[in-house]
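Each chain is listed here by its residues.
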Amino acid sequence: MTNKLYKLFFTLIAVIAFFNCNNNTKKEDSTTLKESFKNDFLIGTALSNLQINQTDSQLASLLKKEFNAITPENDMKWEQIHPQKDTFYFDVADKYVELGEKYNMHIVGHTLVWHSQLAPWMQNVKDSITLANNIENHINTIVKRYKGRIETWDVVNEALNEDGSFRTSNFHEVMGDSFIAHAFKLAAAADPDAKLVYNDYNLWKPEKRAGVVKLVKNLQAQGIKIDGVGMQAHWSLEGPSIKDIENSIIAYSNLGVKVSFTELDVTVLPNPWDLDGAAVEQSYEQFEGDPKMNPYPVKLTDSGQTQLAKRYEDIFNLFLKHKDKIDRVTFWGVNDGQTWLNNWPINGRTNHPLLFDRNFEPKKAYNSVLALKK
Ligand code: G3I
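What counts, and where the lines are drawn
- Residues numbered from 1 in each chain as written.
- Predicted model: local features only at pLDDT ≥ 70, side-chain atom pairs only at ≥ 80, totals over all residues.
- Heavy atoms only, no water.
- Helix = DSSP H or I, 4+ residues; strand = E, 2+ residues; numbered from the N terminus.
- Buried < 20%, exposed > 50% of the residue type's maximum accessible area, 1.4 Å probe, protein only.
- Contact = heavy atoms within 4.5 Å.
- Axes fitted to C-alpha atoms, helices over the stretch in contact; angles between N-to-C directions.
- Parallel < 35°, antiparallel > 145°, perpendicular 65-115°, else oblique.
- Left-handed = near helix turned anticlockwise from the far one by under 90°.
- Nonpolar A, V, L, I, M, F, W, Y, C, P; charged D, E, K, R; others polar.
- Salt bridge = Lys/Arg side-chain N within 4 Å of Asp/Glu carboxyl O.
- Core = buried A, V, L, I, M, F, W, Y, C linked by side-chain atoms within 4.5 Å.
- pLDDT = per-residue confidence, 0-100.
- Pairing = 2+ DSSP bridges.
- Expected span 1.5 Å × (residues − 1).
- Phe/Tyr/Trp six-rings, centres within 6.5 Å; stacked < 30°, edge-to-face > 60°.

Now for the overall build of the chain. Helices and strands together make up the secondary structure of the chain, namely 14 helices and 9 strands. Within the chain, buried positions represent 54% of all 374 residues. Sequence-distant contacts in the chain: of pairs separated by 6 or more residues, those separated by 24 or more amount to 80%.

Turning next to the packing of helix 8 (residues 128-145) against helix 10 (residues 178-190). One way to put it is that helix 8 packs onto helix 10 with a least axis distance of 9 Å and a crossing angle of 30 degrees. Classified by the angle their axes make, helix 8 and helix 10 are roughly parallel. By crossing handedness, the relation of helix 8 to helix 10 is classed as right-handed. From helix 8, Ala132, Ile135, Glu136, Ile139, Asn140, Val143 and Lys144 reach across to helix 10, where they touch Phe179, His182, Ala183, Leu186, Ala187 and Ala190. Of the residues in the contact of helix 8 with helix 10, the class split is 9 nonpolar, 2 polar and 2 charged.

Per the stated rule, a full pass over the model turns up 16 salt bridges. Where Lys325 meets Asp324, a salt bridge forms, and the shortest distance between an N and an O atom there is 3.4 Å. The shortest N-O distance in the salt bridge between Asp336 and Lys363 comes to 2.7 Å. A residue pair is termed long-range when its members are at least 10 positions apart, and Asp336 in the loop between strand 9 (326-331) and helix 14 (364-371) and Lys363 in the loop between strand 9 and helix 14 qualify at 27 residues. Assigned by exposure class, Asp336 and Lys363 land together as buried. Via salt bridges that share partners, Glu162, Asp200, Lys205 and Lys208 belong to a single interconnected network.

On to the nonpolar core. One broad trend across soluble globular proteins is that nonpolar side chains are buried collectively. Ranked by size, the top nonpolar core spans 108 residues in total, and within it Phe261 and Phe316 carry the most contacts. With 9 residues, the top contributor of residues to this core is helix 10. Here Phe316 is in contact with Phe37, Phe41, Ile43, Leu264, Val329, Phe331, Val369 and Leu372, once residues within four sequence places are set aside. Ranked by size, the runner-up nonpolar core spans 5 residues in total, among them Ala46, Trp332, Trp340 and Trp344.

Moving on, we come to the confidence of the model for the chain. Mean pLDDT for the chain: 91, with 89% of residues reaching 70 or above. Confidence over residues 12-29 falls short of pLDDT 50; this stretch has 1 contact with residues more than four positions distant or in other chains.

Moving on: the environment of Asp302. Its place among the elements puts Asp302 in helix 13 (residues 302-321). Among the residues examined, Asp302 registers a relative accessible area of 62% and is labelled exposed. Separated by 62 residues in the primary sequence, Asp302 and Lys364 place their C-alpha atoms 9.1 Å from one another.

The next thing to look at is the pairing of strand 8 (residues 258-267). With 9 of 10 residues buried, strand 8 lies mostly within the body of the structure. Note that strand 6 (residues 228-231) and strand 8 share 4 bridges and pair parallel. From the neighbouring strand, Val229 faces strand 8, where its bridge partner is Val259.

Here helix 10 spans 18 Å end to end across 13 residues, near enough to the 18 Å set by a 1.5 Å rise per residue. With respect to burial, helix 10 is a largely interior element, 10 of its 13 residues being buried. Among the residues making up helix 10, those that are buried are Phe179, Ile180, Ala181, His182, Ala183, Phe184, Leu186, Ala187, Ala188 and Ala190. Buried residues along helix 10 sit against strand 3 (106-114), helix 8, strand 4 (152-157), helix 9 (170-175), strand 5 (195-200) and helix 11 (206-221).

Considered for burial, the residues of helix 14 that qualify are Ala365, Tyr366, Ser368, Val369 and Leu370. On its buried side, helix 14 packs onto helix 2 (33-36), helix 4 (57-66) and helix 13.

A few words on the environment of Met76. Within the element layout of this structure, Met76 appears in the loop between strand 2 (69-72) and helix 5 (78-81). Residue classification places Met76 among the buried positions, given a relative accessible area of 2%. Residues Met76 and Gly109, spaced 33 residues apart in sequence, show a C-alpha to C-alpha distance of 7.0 Å. Among all residues touching Met76, those that are not within four sequence positions of it are Ile81, Ala93, Tyr96, Gly109, His110, Thr111, Ile142, Tyr146, Ile150 and Trp153.

A word on the packing of aromatic side chains. Summed over all chains, the structure comprises 17 aromatic pairs. Here Phe37 and Phe41 contribute two aromatic rings whose centre-to-centre distance is 5.5 Å and whose plane-to-plane angle is 15 degrees, an arrangement assigned as stacked. Ring centres 4.2 Å apart and planes at 25 degrees place the aromatic pair Phe261 and Phe319 in the stacked group. Here Phe261 is found in strand 8, whereas its partner Phe319 is found in helix 13, with 58 residues between them in sequence. According to the relative accessible area criterion, Phe319 is buried, its value standing at 0%.

Structure (structure tokens):
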């Protein structure tokens, strides 16, 4: 009898311990980015070609634990996916979409119409009807292929100058600003349920903000569907100001569209030429290898980590203040090893702009962001 009682007692202890352990796991899970912000907005990341193709378990476990949205960093750009008039390469894009589905993520398509990383054959099309037909074929083929699977499309990318006027590009030279309406109309028809976004950098700037407001109003006046404005958010420790970002969130939201932060990162490296934004055509070869321009080649200093943590805290505080207007916050990369900012505007530097370091370890900035939800 005593033996039986002992057995019962130990079984009970084991059951309680099992449930406790499970609860602890749940508690740990709830301190991830995607869990913490699940009632506020999606937390996304951009995946490089390597990351889409590899099965690295460190990456996979961080990806599914922390993020619930993905964007392909390069693999759906025109030059990659549609390099010749009658050739589409879908291998990597297919893998990317399958990966997102496997982890039950919100899948973003980036980007349908962009002057940069455009296939060379498209640069030479100077006839407006041919150009419009090519855009139609491009959008129909790609958007229909992933209909119901890619939930958000960056339809047009970076069509504006810093003063809010239209950027000179082959699209604009040949079709005028009608190429934007054309692209949005086609995307809406190809997948009526997809969310359609205009995506650009420096959208905190008052002049550029005015340009976006005009662009969105113009589409709306024609009855063309646009669901969101994507503020890329390639920022630095010093700027832009929280006020400027806030003014843009409010201005875009007042148009009845949602705001997403589509490419968030915060550079910690010197930028002496007062470069801002992300015009990829700028490059500064003469500074390559200059140690002054690469002050943290091994790791970021403690004070640098603290500065970055404070900057991210301020940024996410603002996002939470306006969570009703914001759909998604996507980091432009999973960890510091991947960031494009290691090679732009100067090649071969060691930047530290994200929440996870090169070993996939969370940084102080990660904790400061999570602390806002505790
Ligand atoms: O794939 C080639 C490789 O074969 C070659 O050996 C290597 C040598 O330079 O280049 C590789 O291509 C690079 C490509 O990234 C893939 O890594 C290009 O040079 C490089 O220019 C390209 O940079 C991308 C950049 O867009 C180009 O426009 C960045 O990874 C990507 O993060 C960046 O993303 C853009 C967004 O799409 C739009 N908003 C701005 C943002 C940052 O520029």
